Amino acid sequence: AQTVTQSQPEMSVQEAETVTLSCTYDTSESDYYLFWYKQPPSRQMILVIRQEAYKQQNATENRFSVNFQKAAKSFSLKISDSQLGDAAMYFCAYRSFNEDQFYFGTGTSLTVIP
Amino acid sequence: NAGVTQTPKFRILKIGQSMTLQCAQDMNHNYMYWYRQDPGMGLKLIYYSVGAGITDKGEVPNGYNVSRSTTEDFPLRLELAAPSQTSVYFCASSYSRGPGETQYFGPGTRLTVL
């Protein structure tokens, strides 16, 4: 089974500042997908951003961007201009190109301080 | 579209009881998944389905059963409930496993086994 590690159980950021959430993963495969999901207090998981491993360019979605380092097996999420609504649990997830199963990390709880 | 719906939202079971968690999606998605989320942990895959009539085990299938008789519905059956099955259960769906694939999650079911 693949493993996804999020080493920061909790993070905090001042409103309007930038924060980076870390994620590393372990795989022997070359083709896969990586995702960041947000889980607000409502519990419903929401896709934030995804990255295909074959793409060298880092994915961006408005204020959210990733730093994908394939050789280092690292996939960090940067949130710019943090807003109060960004407060949530953030999960990193991995999916092999050849499998149907997702693997999730243990999550990082993000607090946004007004 | 209602998206992915789950019922019930909450349930308390006694040890040894059985129940079915319902999941339905109205997006004509082929892929459906059941996850459990234990406190402080990421999601772990219980079962998944790649289409009507086809199901397969995930990481933690013991104590559960699934069926997929229609594209829309993917119920999860708990037989002989045990305290270790106390968790939040999420159902998810996706159209495909291709590069554009995204999982859409339901709101979750919080199950307590006493």
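Relevant structure appears above.
First, a word on what this report is: a plain description of the structure on this page.

Cut-off values and rules
- Position numbers for residues count from 1 along each chain, tracking the sequence in the order it is written.
- All chains are assigned letters beginning with A, and all ligands numbers beginning with 1, in the order in which they are written.
- Totals for whole chains, interfaces and linings use all residues, but because this is a predicted model, local features are given only for residues with pLDDT of at least 70 and pairs of side-chain atoms are given and counted only at 80 or more.
- Side-chain measures were taken over the full set of non-hydrogen atoms in the model, leaving aside hydrogen atoms and water.
- For two strands to pair, DSSP has to find at least two bridges joining them.
- Secondary structure counts use DSSP, requiring at least four H or I residues in a row for a helix and at least two E residues in a row for a strand, with both numbered from the N terminus.
- An axis is simply a line fitted to the C-alpha atoms; with a helix, the fit covers only the stretch in contact. Between two such axes, the angle follows the N-to-C directions and lies from 0 to 180 degrees.
- Residue contacts are defined here by distance: any two heavy atoms, one from each residue, within 4.5 Å place the two residues in contact.
- A 1.4 Å probe defines the accessible area here, and the buried area is the portion of it lost by two parts on being joined, summed over both.
- Salt bridge, as applied in this entry: a Lys or Arg side-chain nitrogen positioned within 4 Å of an Asp or Glu carboxyl oxygen.
- In protein, a polar contact requires one atom able to donate a hydrogen and another able to accept it; more generally it is a pair of N or O atoms within 3.5 Å, and residues adjacent in sequence count only if both atoms are side-chain atoms.
- Charged residues are taken to be Asp, Glu, Lys and Arg, nonpolar residues to be Ala, Val, Leu, Ile, Met, Phe, Trp, Tyr, Cys and Pro, and polar residues to be all remaining types, Gly included.
- What we call a nonpolar core is a set of buried Ala, Val, Leu, Ile, Met, Phe, Trp, Tyr and Cys residues that are connected through their side-chain atoms within 4.5 Å.
- Relative accessibility thresholds used throughout: buried, under 20% of the residue-type maximum; exposed, over 50%; partly exposed, between the two (1.4 Å probe, protein chains only).
- The definition used for a disulfide is geometric: two cysteine sulfur atoms within 2.5 Å.
- Each cavity reported here is a set of points on a 1 Å grid over the protein atoms alone in which a 1.4 Å probe fits but cannot get out, each pocket an open set with protein on both sides within 12 Å along at least five of seven lines, and each lining residue one with an atom within 4 Å of a point.
- Grid points are joined across faces, edges and corners, and a volume is the space filled by probe spheres set on the points.
- Put simply, two rings from Phe, Tyr or Trp (the six-membered ring, in Trp's case) pair if the centres are within 6.5 Å, and we call them stacked under 30 degrees between planes, edge-to-face over 60, tilted for the rest.

**Details of the sheet that holds strand β7 (residues 64-66) of chain B**
Residue and element names in this part refer to chain B.
Step number 1: In spatial order, the strands read β1-β3-β8-β7; together these four strands make up an open sheet with antiparallel pairing. Bordering the open sheet on either side are β1 (4-7) and β7, each of which pairs with just one other strand. Between one strand axis and the next, the sheet turns through 20° on average, direction left out of account.
Step number 2: One ladder, built from four bridges, connects β1 with strand β3 (residues 19-25); its direction is antiparallel. Each residue of the ladder has a partner; that of T5, found in β3, is A24.

**As for the interface of chain B and chain A**
How large an interface is tends to be reported as the accessible area lost when its parts come together.
Step number 1: Taken together, the contact between chain B and chain A spans 31 residues of the former and 24 residues of the latter.
Step number 2: Note on chain B versus chain A: buried area summed over both sides is about 2100 Å², and carbon and sulfur give 47% of it.
Step number 3: One can count zero salt bridges joining chain B with chain A.
Step number 4: Our enumeration of links across chain B and chain A arrives at two residue pairs in polar contact (both at pLDDT 80 or more).
Step number 5: Only β4 (31-37), β5 (43-51), β9 (87-94) and β11 (109-113) of chain B provide two or more residues apiece to the side of chain B that touches chain A.
Step number 6: Tallied by class, residues from the side of chain B that touches chain A come to 14 nonpolar, 11 polar and six charged.

**A look at the nonpolar core**
Step number 1: The biggest cluster of nonpolar side chains holds 26 residues, and the ones touching the most others in it are Y25, W36, F75, L77 and Y90 of chain A.
Step number 2: Secondary-structure elements contributing two or more residues to this core are β3 (19-21), β5 (32-39), β6 (46-52), β8 (64-69), β9 (74-79), β10 (88-96) and β12 (108-113) of chain A.
Step number 3: Judged by nonpolar contacts, the second largest core, of 19 residues, contains L21, I46, Y47 and L76 of chain B.

**Observations concerning unusual backbone geometry**
Step number 1: Residue P8 of chain B is reached from T7 of chain B by a cis peptide bond, and omega for that bond is -5°.
Step number 2: Among the secondary structure elements, P8 of chain B is positioned in the loop between β1 and β2 (10-13).
Step number 3: Positive phi, close to 80°, is recorded for A16 of chain A, a residue that is not glycine.
Step number 4: Tracing the backbone shows A16 of chain A in the loop between β2 (10-14) and β3.
Step number 5: By relative accessible area, which is 46% here, A16 of chain A ends up partly exposed.
Step number 6: If you check the backbone angles, N28 of chain B has positive phi at about 60° while not being a glycine.

**Thoughts on the state of the cysteines**
What is meant by a disulfide is a covalent connection between two cysteines, made through their sulfur atoms.
Residue and element names in this part refer to chain B.
Step number 1: Tallying each qualifying case throughout the model produces two disulfides over all chains.
Step number 2: At a sulfur-sulfur separation of 1.8 Å, the disulfide partner of C23 is C91. For the disulfide bridge between C23 and C91, the dihedral angle about the S-S bond is near -70°, and by the sign convention the bridge is left-handed. One end of the pair, C23, is in strand β3; the other, C91, is in strand β9, with 68 residues separating them in the sequence.
Step number 3: Here C23 falls in the buried class, since its relative accessible area comes to 2%.
Step number 4: Take C91: its relative accessible area is 0%, and that puts it in the buried class.

**Digging into the layout of surface pockets**
Step number 1: Reported here for the largest pocket is a volume of approximately 320 Å³.
Step number 2: If you trace the largest pocket, you find 17 residues lining it, with Q39 of chain A together with Q37, P39, G40 and R110 of chain B closest to the centre.
Step number 3: Secondary structure elements with two or more residues in the lining of the largest pocket: β10 of chain A together with β9 and β11 of chain B.
Step number 4: Residue composition of the lining of the largest pocket, grouped by class: nine nonpolar, five polar and three charged.
Step number 5: By volume, the second largest pocket amounts to about 160 Å³.

**Some details on the packing of aromatic side chains**
Step number 1: Using the criterion set out here, one finds 18 aromatic pairs over all chains in the structure.
Step number 2: An angle of 45° between the planes, with centres 5.9 Å apart, marks the rings of Y37 of chain A and F104 of chain A as tilted. Of this pair, Y37 of chain A sits in strand β5 while F104 of chain A sits in strand β11 (residues 102-104); the two residues are 67 residues apart in sequence, bridging distant segments of the chain.
Step number 3: The exposure class of Y37 of chain A is buried, given its relative accessible area of 0%.
Step number 4: By relative accessible area, F104 of chain A is classed as buried at 9%.
Step number 5: On the basis of an interplanar angle of 25° and a centroid distance of 6.2 Å, the ring pair of Y33 of chain B and Y35 of chain B is categorised as stacked.

Functional significance is not addressed by these values, which are geometric in nature.
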